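# Descriptive structure summary
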Amino acid sequence: MWKSRLFYLIGSWILVLAALQLLPLFYALSIGEYDAAGSFFASASLALLLGGALFLGFRSTERVRVPRLTIFLPLVGVASLALMAGLPLYLLFPEGGFLRAFYDGMSQVTTNGATAYEGAIEQMRSILLWRATASWMGGLMAISFTLSLLMAMNSGGLQLHRSPLHFGDRESGYQRLTATTKAVFPIYVFATLLCFVLLWLSGVDRFDAFLLSLSAVSTAGVVPEAAVQTIGIVPQLILSLFLLIGLSNWDFHHLRARTLSPRLRADRELRMSLVVIIAGTFVLLAVTDTDFADIVSLLFAAVSALSTYGVMPETIAGLDATDALPAAILLMMLTAIGGAAASASGGLKQMRIILIFKLGRAEIDRLAHPHGVHTVQYGDAVAEKRDVDAIWLLLGSFVLIMAIGAVALAVLGIHFQDALTLSFTAMTLSGPLAVSADPGFAGYASLAQVDYAILSLLMLIGRVEAPIFMAVFARALWRG
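Heads up: these notes are all about the structure in this document.

Rules and cut-offs
Residues numbered from 1 in each chain as written. Predicted model: local features only at pLDDT ≥ 70, side-chain atom pairs only at ≥ 80, totals over all residues. Heavy atoms only, no water. Patch = residues over 30% accessible without salt bridge, like charges linked within 9 Å, V, L, I, M, F, W, Y side chains within 5 Å. Areas by Shrake-Rupley, 256 points an atom, 1.4 Å probe, with all protein chains shown as cover. Salt bridge = Lys/Arg side-chain N within 4 Å of Asp/Glu carboxyl O. Buried < 20%, exposed > 50% of the residue type's maximum accessible area, 1.4 Å probe, protein only. Axes fitted to C-alpha atoms, helices over the stretch in contact; angles between N-to-C directions. Helix = DSSP H or I, 4+ residues; strand = E, 2+ residues; numbered from the N terminus. Parallel < 35°, antiparallel > 145°, perpendicular 65-115°, else oblique. Contact = heavy atoms within 4.5 Å. Nonpolar A, V, L, I, M, F, W, Y, C, P; charged D, E, K, R; others polar. Core = buried A, V, L, I, M, F, W, Y, C linked by side-chain atoms within 4.5 Å. Left-handed = near helix turned anticlockwise from the far one by under 90°. Phe/Tyr/Trp six-rings, centres within 6.5 Å; stacked < 30°, edge-to-face > 60°. Expected span 1.5 Å × (residues − 1). Polar contact = N/O pair within 3.5 Å; in protein donor to acceptor, adjacent residues only side chain to side chain.

### Observations concerning a nonpolar patch on the surface
Taken together, the side chains of L22, F26, L29 and Y34 present a nonpolar region at the surface, about 440 Å² in accessible area. Here Y34 falls in the exposed class, since its relative accessible area comes to 59%.

### Looking at the packing of helix α4 (residues 67–92) against helix α6 (residues 125–152)
Interhelical geometry of α4 versus α6 gives an angle of 180 degrees and a closest axis separation of 12 Å. For the element pair α4 / α6, the angle class is roughly antiparallel. Across from T70, L73, P74, V78, L81, A85, P88, L89 and L92 in α4, the residues of α6 making contact are I127, W130, M137, M141, F145 and L149. Counted by class, the contact of α4 with α6 contains 14 nonpolar, 1 polar and no charged residues.

### As for the pattern of salt bridges
The final tally for this structure, using the stated rule, is 6 salt bridges. With a shortest N-O distance of 2.8 Å, E363 and R366 are connected by a salt bridge. Here the residue E363 and the residue R366 both occupy positions in helix α16 (residues 350–368), the gap between them amounting to 3 residues, near one helical turn. Of the residues examined, E363 reaches a relative accessible area of 45% and is grouped as partly exposed. The partly exposed category is assigned to R366, whose relative accessible area is 32%.

### Quick word on the nonpolar core
Side chains of nonpolar character tend, in soluble globular proteins, to be buried together. By size, the foremost hydrophobic cluster in this structure holds 161 residues, and its most contacted members are L212, Y309, Y444 and L455. Among the elements that take part in this core, α6 stands out by supplying 16 residues, more than any other. Other than its neighbours up to four places away in sequence, Y444 contacts Y103, A114, T115, A116, E118, L422, T425, G431, A434, Y452 and L455.

### Concerning the environment of I277
Tracing the sequence through the fold places I277 in helix α12 (residues 268–287). In the structure, I277 is positioned 21 residues away from L298 in sequence and 9.7 Å away in space, judged by C-alpha atoms. Apart from the residues within four sequence positions on either side, I277 is in contact with L244, L299, A302, V303 and L306.

### What about the packing of helix α3 (residues 34–58) against α4?
At a minimum axis distance of 8 Å, the contact between α3 and α4 shows a crossing angle of 140 degrees. In terms of orientation, α3 and α4 fall into the oblique class. The crossing of α3 and α4 is right-handed. Between α3 and α4, the contacting residues are D35, A36, S39, F40, A42, S43, L46, A47 and L50 on the first element and M84, L87, P88, L91 and L92 on the second. For the contact of α3 with α4, the class distribution of residues is 11 nonpolar, 2 polar and 1 charged.

### Thoughts on the packing of aromatic side chains
Aromatic ring pairs: the centre-centre distance and the angle between the two ring planes describe each pair. Under the criterion given, the structure shown has 18 aromatic pairs. Ring centres of F98 and F102 lie 6.2 Å apart, and the angle between their planes is 20 degrees; this geometry places the pair in the stacked category. Taken as a pair, F98 and F102 lie in helix α5 (residues 98–109) at a separation of 4 residues, close to a single helical turn. Members of the aromatic cluster, each reached through a chain of ring pairs, are Y103, F441, Y444 and Y452.

### Remarks on the environment of L330
Tracing the chain through its elements places L330 in helix α15 (residues 321–337). The class of L330 is buried, set by a relative accessible area of 13%. Between the C-alpha atoms of L330 and R463, which are 133 residues apart in sequence, the distance is 23 Å. Not counting the four nearest positions on each side in its chain, L330 is found in contact with G280, V283 and L284.

### Points about helix α13 (residues 295–306)
Its 12 residues give α13 an end-to-end C-alpha distance of 16 Å, which sits within 8% of 16 Å, the value for a rise of 1.5 Å per residue. The buried count for α13 comes to 11 of 12 residues, which makes it a mostly enclosed element. Buried within α13 we find I295, V296, S297, L298, F300, A301, A302, V303, S304, A305 and L306. Note on α13: the residue one or two positions beyond its end, T308, has a positive phi of about 60 degrees.

### Considerations on unusual backbone geometry
Backbone geometry at T111 places phi at a positive 65 degrees, although glycine is not the residue there. Mapped onto the fold, T111 is located in the loop between α5 and α6. Its identity is not glycine, yet T308 carries a phi of approximately 60 degrees, on the positive side. Among the secondary structure elements, T308 is positioned in the loop between α13 and α14 (314–317).

### Concerning the side chain of T315
Tracing the backbone shows T315 in helix α14. Looking at T315, its side chain comes within polar contact range of the side chain of S297, at 3.4 Å. What T315 contacts, discounting residues up to four positions off in sequence, is T290, D294, S297 and L298.

Below you can see the structure in the form of structure tokens.
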């Protein structure tokens, strides 16, 4: 029964993706990119047939609440959408192989932002539009997954995040997925349109402004680096502002829009983001050969890293070898921290970083006062043993899977430094950062097919979170 319900939900999402492909299809026809239009037409037709068959074939299934459906829905859902998102690129560049297209689709859906078609798509505006649109949808899906499925399963202690949404504390996860999306969607669209208008008014080309607005709100660095490196100071400030909005809790954005109040005191992660961004900006100023005139670019670099956007301004991308290493270490540290819990960004998430710090301090207090009562609080919530275990499980599984991915890539012939960087940026969903963090990296287009398969799996794990992936191998799940 749960498999039938899974197929019905996957079919529904594929139909949405098929509808979204009409946008780049008509745009490609309007600007004369007929090869791209043909690939979008074929891809949309296949998605419509497959999604329609699943939707109609399983629409009469009953709603069920079983752990297997809750776990497999994000895993199978993200993989299915990645397959359909990469299909237009496979049809357009069949010589590149299926796994390259699947990798690109996974990069879009998970908001990783990297592309395996470097040098081939930068001038194809309809393809750029599709990658930004699919990533925008992937960002919305990530927010909804977090506030429903991951929070219901207490992935990494997410239940300690007290969502202000009215349905934020229900026990069932996937049943409130639709309600979560409906609540966040208007705010998500409004922020995107506002970002587009402000960038356009600041002098950015209309098409580039639209791509940047889609990618900033979803924190997906899917735009070409040239589109970021050529903009001025004012557009960089606008982009930084909306990246900050994108890396923050969207359920709190919903509350702010409803109450017309900033609610900064309740949103601890937003306050932490501001502190980390300011500190990161001045550390970048100290460790690089730049002056105070570059402070806006350094601010943008710090926000880009913390939001796992990954695309860097020319001030960072053009650093020499002496300054590149300390800057890369700092940027990767910011990326590992990541954005807020209920955001589209990757990384460990700031809520976990705060809790890990508090857990360490509690252990020190316990050593000093072994008979005392030591509790760890996150706001009004008290971390119970299961929450603590969930946080350590997330941290341990994240490091373990990232290490295994790096070793696997190194065994297949990639230099170990490149392999470690690729594994890290895949797990943290910050693909474009690899170029700035590792100047010796030859680019994603230089990888082999098996490398794309490994990185696709790492991106999937980074999006649905490592404990959910590891739950598939638990015997208790299969025993019901």
